[in-house]
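Structural characterization, general
Listed below, chain by chain, are the residues.
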Amino acid sequence: MRRADRLFQIIQVLRRGRRPVTAEAMAAELETSKRTIYRDIADLMAQRVPIRGEAGVGYVLDGGFDLPPLMLTQDEIEAAVLGAQWVAGRADPALARAALDLIAKIGATVPERLRPFALEPATRAAPRRDHAVDRLDMAQVRRAIHGGRKIALSYRDEQDRLSQRTVWPFAVGYHETVQLVIAWCELRVDFRSFRTDRVADATFLDDRYPERAATLRARWRRQMNEKYAEMGVARRGGRA
């Protein structure tokens, strides 16, 4: 790895880390020596990159520091394009168009030598097959989540029984064949996942729910992790 690339990757490692990252961990990821990492950290600090820490404890990157936009590596471009392909084949029309626009913007913005990795990628997401038909306007669902607003649902369960629910949506989960709206359900007084293909009707309300969506997501993840821990099943990230 070229030194300039390694300096860039050190910043990336620190930027994604929520806790101090040791020189040993960075050296292992970047396949170099701790001595090289210490020297690079010192050079970055001399260039006024706001890194704090010390040897043996670890390093953190202070907030407010950023790099010029779209300074992407080949692997990052392929990862972004592959993810955008997946979204384009599975999400609602508005999000699918946004994914295709993202690929085009990456291809138009990155240096010419990297353009083929965006426009002629070696990886490709397979198209979704046999997927259930969404009965919700998912663009509106996302707006409700961002705005912290309730949704009134007429919902059919596995036995085709219809119930009326008022929910506080805070996340959307994508599976291979179905989509889920994850929400706090006022009827059940608990978290529930609602398959979008089982929604008979939906009314998007102006009423705001009393908690932040981020707070609900954190509570839901804790609850799910606790349930899986009781079952003896490892669960990473608490995703739907």
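All figures in this text were calculated on a predicted structure; none of them were measured in a lab. (Residues numbered from 1 in each chain as written. Predicted model: local features only at pLDDT ≥ 70, side-chain atom pairs only at ≥ 80, totals over all residues. Heavy atoms only, no water.)

Before going further, it helps to examine the overall build of the protein chain. The helix and strand tally for the protein chain stands at eight helices and seven strands. Whereas a compact globule of 240 residues would reach a radius of gyration of roughly 18 Å, the protein chain reaches 22 Å, over 25% beyond that. Viewed in the frame of its principal axes, the protein chain has a C-alpha envelope of about 65 × 40 × 35 Å. Counting every atom, the protein chain has about 14,800 Å² of accessible surface; 49% of that belongs to carbon and sulfur. Averaging the coordinates of the 42 positive side-chain charges in the protein chain and doing the same for the 32 negative ones gives two points 2 Å apart. (Helix = DSSP H or I, 4+ residues; strand = E, 2+ residues; numbered from the N terminus. Rg over C-alpha atoms; globule rule 2.2 N^0.38 Å. Areas by Shrake-Rupley, 256 points an atom, 1.4 Å probe, with all protein chains shown as cover. Lys, Arg positive; Asp, Glu negative; His and termini not counted. Charge placed at Lys NZ, Arg CZ, Asp CG, Glu CD.)

In this section: the confidence of the model for the protein chain. Across the protein chain, pLDDT averages 87, with 91% of residues at or above 70. Every residue in residues 236-240 is under pLDDT 50, and counting partners more than four places away or in other chains gives ten contacts. (pLDDT = per-residue confidence, 0-100. Contact = heavy atoms within 4.5 Å.)

Counted under the stated rule, the structure contains twelve salt bridges. In this structure, the salt-bridge partner of D40 is R3, at a minimum N-O distance of 3.9 Å. One end of the pair, D40, is in helix α3 (residues 34-46); the other, R3, is in helix α1 (residues 3-16), with 37 residues separating them in the sequence. You can call R3 partly exposed: its relative accessible area is 39%. A salt bridge links R195 to D197; the shortest N-O distance between them is 2.7 Å. Note on R195: relative accessible area 24%, which makes it partly exposed. One connected set of salt bridges, linked through shared partners, spans R3, R6, D40 and D43. (Salt bridge = Lys/Arg side-chain N within 4 Å of Asp/Glu carboxyl O. Buried < 20%, exposed > 50% of the residue type's maximum accessible area, 1.4 Å probe, protein only.)

Before going further, it helps to spend a moment on the packing of aromatic side chains. All told, the structure shown has seven aromatic pairs when counted by the stated rule. Considering the side-chain rings of Y155 and F194, the 5.0 Å spacing of their centres and the 90° angle between planes classify their relative orientation as edge-to-face. Of this pair, Y155 sits in strand β3 (residues 149-156) while F194 sits in strand β6 (residues 190-195), placing them 39 residues apart in sequence. By relative accessible area, which is 2% here, F194 ends up buried. (Phe/Tyr/Trp six-rings, centres within 6.5 Å; stacked < 30°, edge-to-face > 60°.)

Attention now goes to the side chain of D40. Assessed through its relative accessible area of 0%, D40 is described here as buried. A distance of 2.4 Å separates the side chain of D40 from the side chain of R6, its partner in a polar contact. For D40, the residues in contact, after removing those within four places along its chain, are R3, R6, L7 and I10. (Polar contact = N/O pair within 3.5 Å; in protein donor to acceptor, adjacent residues only side chain to side chain.)

With 25 residues, the main nonpolar core has L136, V141, L153, V167, F170 and F194 as its most contacted residues. Those elements giving two or more residues to this core turn out to be α7 (138-147), β3, β4 (162-174), β5 (179-185), β6 and α8 (213-230). Residue contributions to this core peak at five residues, all from β5. Discounting chain neighbours no more than four positions away, the residues touching L153 are L136, S163, Q164, R165, V167, F194, V199, D201 and A202. (Core = buried A, V, L, I, M, F, W, Y, C linked by side-chain atoms within 4.5 Å.)

Phi is positive for R48, close to 70°, though the residue is something other than glycine. Mapped onto the elements of the fold, R48 is located in the loop between α3 and β1 (51-54). Residue R48 is classed as exposed on the basis of its relative accessible area, which comes to 76%. In this model, V189 sits at a positive phi of 55°, which is unusual for a non-glycine residue. Along the chain, the position of V189 falls in the loop between β5 and β6. For V189, a relative accessible area of 56% gives the class exposed.

Right, let's talk about helix α2 (residues 23-30) for a bit. All buried positions along α2 are accounted for by A23, M26, A27 and L30. Down the axis, α2 shows its buried residues gathered within 100° of arc, on one side only. Exposed side chains of α2 directed beyond 90 degrees from the buried face belong to E24 and A28. Those residues of α2 that are buried lie in contact with α1, α3 and β2 (58-61). Among the residues trailing α2, E31 stands out with phi positive, at a value near 55°. (Arc of directions from axis to C-beta.)

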